[in-house]
Structure formats: C-alpha cells, structure tokens
Amino acid sequence: MLLSAESKHKRNILLVIAHPDDESMFFSPTISYLTSNGHNLYVLCISTGNADGMGNTRNEELYQACAVLKVPLHQIKVLDNPELQDGFRKVWDHGLLAKIIEEEVASKTIDSILTFDSYGISGHCNHKDVHHGVRRLLNVSQRKIEAWELVSTNLLRKYSGPVDIWFSIMYAMCCPSGQVHCLLTDDPSKSFQAMVQHMSQWVWFRKLFVSFSSCTYVNTLKRIT
C-alpha cells in the first residue's frame, strides 16, 4: 500500500491538481509526509490558473511554493492546453485528462496517483473533472496502479482547523484496513509559507481559509476503487 508502515521502499507518486495553489491549500500535509519519508513526488498541474489572465504569474508562483514544500522543481509540470483552461464554467474532457495523466504515469514510472475526490474539497468543477479523469484512467488502463483521493468533509469539519484531526483519525479507524490513511502535518506553518508564494491569490478569504481549514493540519486519503 502507498502509505502503509510496511512500505519502506521509495515510490514514485503523482499528485494531480487543477490549478496552481491547490497543492498548498489542500495537499500540504500529504506533500510534507511524502517528501520527509523519501518518496519521489511529481506534481502535474492541469492548468495555469489563467481565469483572470494571470496564468504566467501563477505558473511561477507554483514553482516557488513547491520549493517551500521541498518538491524538486524538475518534478513539476504545468499544462496550458486550450481545452483544459481554468474556470468555473469550463468543462474538462475526462477522456483527454485520462490520456494526459496516463502519459505522465508512463514517462515517470508512477506507482500511485493522488488527487481530489468527486466533490473536490471546494466543489470547484475543475477539481471534480480531475477526479473523473483519474477514474477514467483506472477504468481503461492496462497498468496496475493505485489511486487515492483527498476526502472532502462537511462544512463544520472543513473549517474546524486542528480539531478535525480527531474526527479524521476516528473516520480512518472505522474504515477497512488499508483503504484510508490519515496524514498529519509536522509543521502547519508550511501551508502558510507555501501559500504566501501565491501572492496573486493571497487575498483575505484565502488567508482565512488557510487559517481555519482542516487541510492545513490533516489530510485523509481514501483509495479509489
């Protein structure tokens, strides 16, 4: 299993996100866990986040944030496909996503994929499409590969900060063995430090989000079956 205590060898893991800043806002506990345990983490960002015409800036900010999170810069890839542009009303083709992700899996010899669940934490349609693209890949690919989704929670838990650690642990304990992993960050300030690199997005409501979001402190990953 991807994150089991028995798994001692280094693995190649692909984190698939929709926009620059997803990695810092939602996945920082997972990233910290993986990098600190010596796994090879690759980041595939499907868009530059160009909804407001700031794609080039956001692209650079992603690399700066990943440097804070200790992800090697040569293991980050940002796409700018005209059919996969950032936007609440932009529908992304799941078949195209599956093809792109499979190419990345093959070129990097990926063992496991991490991504959003079907709600996408914030409910953003691009997050949901990335999830469905990974699912499409799992359904059509001949490769044997694990995939894990970041579990969305209800509104109360979502903004309960470190309190949600206890709920996340209890949820993981109630699930079948090996199907859910609860990952705690060793340094919550990393989320803040990484998000500060996304200066174009560092507005008041995102500052509040990072302050109160449970994703700053804990990630619950569930195996996609």
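What counts, and where the lines are drawn
Residues numbered from 1 in each chain as written. Predicted model: local features only at pLDDT ≥ 70, side-chain atom pairs only at ≥ 80, totals over all residues. Heavy atoms only, no water. Helix = DSSP H or I, 4+ residues; strand = E, 2+ residues; numbered from the N terminus. Buried < 20%, exposed > 50% of the residue type's maximum accessible area, 1.4 Å probe, protein only. Contact = heavy atoms within 4.5 Å. Areas by Shrake-Rupley, 256 points an atom, 1.4 Å probe, with all protein chains shown as cover. Disulfide = S-S within 2.5 Å. Pairing = 2+ DSSP bridges. Expected span 1.5 Å × (residues − 1). Polar contact = N/O pair within 3.5 Å; in protein donor to acceptor, adjacent residues only side chain to side chain.

Trainee: For this particular structure, what's the right way to read the overall build of the protein chain?
Mentor: For the protein chain, the count of helices and strands is nine helices and seven strands. Taken along its principal axes, the extent of the C-alpha atoms in the protein chain is 45 × 45 × 30 Å. Across the 225 residues of the protein chain, 54% fall into the buried class. A fraction of 81% describes how many contacts in the protein chain between residues 6 or more apart in sequence connect residues 24 or more apart. About 10,500 Å² of surface is accessible on the protein chain, with carbon and sulfur atoms providing 54% of the total.

Trainee: Would you mind showing me how to read the state of the cysteines here?
Mentor: Note on terminology: a disulfide is the covalent bond linking the sulfur atoms of two cysteines. Counted according to the given criterion, the structure contains zero disulfides. Distance from the sulfur of cysteine 182, which forms no disulfide, to the nearest cysteine sulfur (cysteine 175) is 10 Å. Taking relative accessible area as the criterion, cysteine 182 reaches 23% and is therefore assigned partly exposed. Free of any disulfide, cysteine 215 has its nearest cysteine sulfur in cysteine 182, 11 Å distant.

Trainee: Before we go on, may I ask you to explain the pairing of strand β1 (residues 12-17) in this structure?
Mentor: Within a regular strand, side chains alternate between the sheet's two faces. For β1, a buried count of six out of six residues is recorded, marking the element as mostly surrounded by other parts of the structure. Of the two faces of β1, both are covered, the one formed by Asn12, Leu14 and Val16 as well as the one formed by Ile13, Leu15 and Ile17. As defined by bridge partners, β1 adjoins strand β2 (residues 40-45) across six bridges and the pair is classed as parallel. Pairing of asparagine 12 across the sheet is with asparagine 40, part of β2. As defined by bridge partners, β1 adjoins strand β4 (residues 112-116) across three bridges and the pair is classed as parallel. In the strand pairing of β4, isoleucine 13 is matched with serine 112.

Trainee: Help me out: how do you make sense of unusual backbone geometry in this one?
Mentor: Apart from glycine, the bulk of residues carry a negative phi angle, and the bulk of peptide bonds sit in the trans form. For lysine 70, which is not glycine, the phi dihedral falls at a positive 65°. Along the chain, lysine 70 falls in the loop between α3 (55-68) and β3 (76-78). In this structure, isoleucine 121 is a non-glycine residue whose phi angle is positive, near 65°. Tracing the backbone shows isoleucine 121 in the loop between β4 and α5 (125-140).

Trainee: I tried to follow helix α4 (residues 94-108) on my own but got confused; where do I start?
Mentor: Every α-helix carries 3.6 residues per turn, so stepping three or four residues along brings you back to the same face. Here α4 is 15 residues long and its end C-alpha atoms lie 21 Å apart, about the 21 Å a rise of 1.5 Å per residue gives. When α4 is considered as a whole, its buried residues turn out to be Leu96, Leu97, Ala98, Ile100, Ile101, Glu104 and Val105. Close packing links the buried residues of α4 with β1, β2, β3, β4 and α5. For α4, the capping residue at the N-terminal end is aspartate 93, with a side-chain oxygen 2.9 Å from the backbone nitrogen of glycine 95. Following α4 by one or two positions, threonine 109 has its phi on the positive side, about 50°.

In short, shape yes, function no, at least from these values alone.
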